[in-house]
Amino acid sequence: VWHPQKPLLIAGLDTGMIAVWNVSDGALEQRFQAHAEFVAAVDISPDGTMLLSGGENTLKFWTFPDAAAVATFEGHAEAVYAALFTGERAEFVSGGRDKTVRAWKMQTTPTTFAAAGDIAAFGCKWIHGFLQADSSLDYDEQRRICREQ
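To start, this report covers the structure provided alongside it. (Residues numbered from 1 in each chain as written. Predicted model: local features only at pLDDT ≥ 70, side-chain atom pairs only at ≥ 80, totals over all residues. Heavy atoms only, no water.)

Within a sheet, adjacent strands bond to each other through the backbone by hydrogen bonds, running parallel or antiparallel. With antiparallel pairing, the 4 strands of this open sheet are ordered in space as E4-E5-E6-E7. Two strands bound the open sheet, and with one partner strand each, they are strand E4 (41-44) and strand E7 (69-74). Direction aside, the axes of adjacent strands within the sheet are offset by 15 degrees on average. Pairing geometry for E4 and strand E5 (residues 50-54), over 4 bridges, is antiparallel. Counted as the bridge partner of Ile44 is Leu51 from E5. (Pairing = 2+ DSSP bridges. Helix = DSSP H or I, 4+ residues; strand = E, 2+ residues; numbered from the N terminus. Axes fitted to C-alpha atoms, helices over the stretch in contact; angles between N-to-C directions.)

Set out below in structure tokens:
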């Protein structure tokens, strides 16, 4: 993910680390351990001060650039493959291998949407690519999460 104000590229690694590169000179500016096994999803808040990371069953919330852990959110039954701020620093969504999309607010439990028709429009667009690429789904009907318009 690109930092919204600085020339930084932030990426999750299969080692469980998050790395930050300065794209102006290619230098690795920062690297920190975010998850035990892997980081499959990273997003940065619109103001560039908070990070989300998704990995094995958890979503984590970090300050940026100091990489201080703020909170760990549990609720997905399997790996978290997508994380996205929804416009507010304390509101975000996650999608996982368990085929659920969860809407989160800091200090609260998630709202879980079944992978059928109850997902908000932004959630449909956001998770659509993941479900299309998920080879574990047996047939096309399982890949559809949004009602036809």
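Right, picking up where we left off after that structure.
Below, the discussion takes up the sheet that holds strand E3 (residues 28-33). Pairing in this open sheet of 3 strands is antiparallel, and the strands run E1-E2-E3 from one edge to the other. Of all the strands in the sheet, just strand E1 (8-12) and E3 have a single pairing partner and so form its edges. Averaged over all pairs of adjacent strands, the angle between their axes in this sheet comes to 15 degrees, without regard to strand direction. By the bridge criterion, 5 bridges tie E1 to strand E2 (residues 17-22) in an arrangement that is antiparallel. Counterpart to Leu9 in the pairing with E2 is Trp21.

This next bit is on the environment of Val93. Along the chain, Val93 falls in strand E9 (residues 91-96). Judged by its relative accessible area of 2%, Val93 is buried. In this structure, the C-alpha to C-alpha distance between Val93 and Ala82, residues 11 residues apart in sequence, is 8.1 Å. (Buried < 20%, exposed > 50% of the residue type's maximum accessible area, 1.4 Å probe, protein only.)

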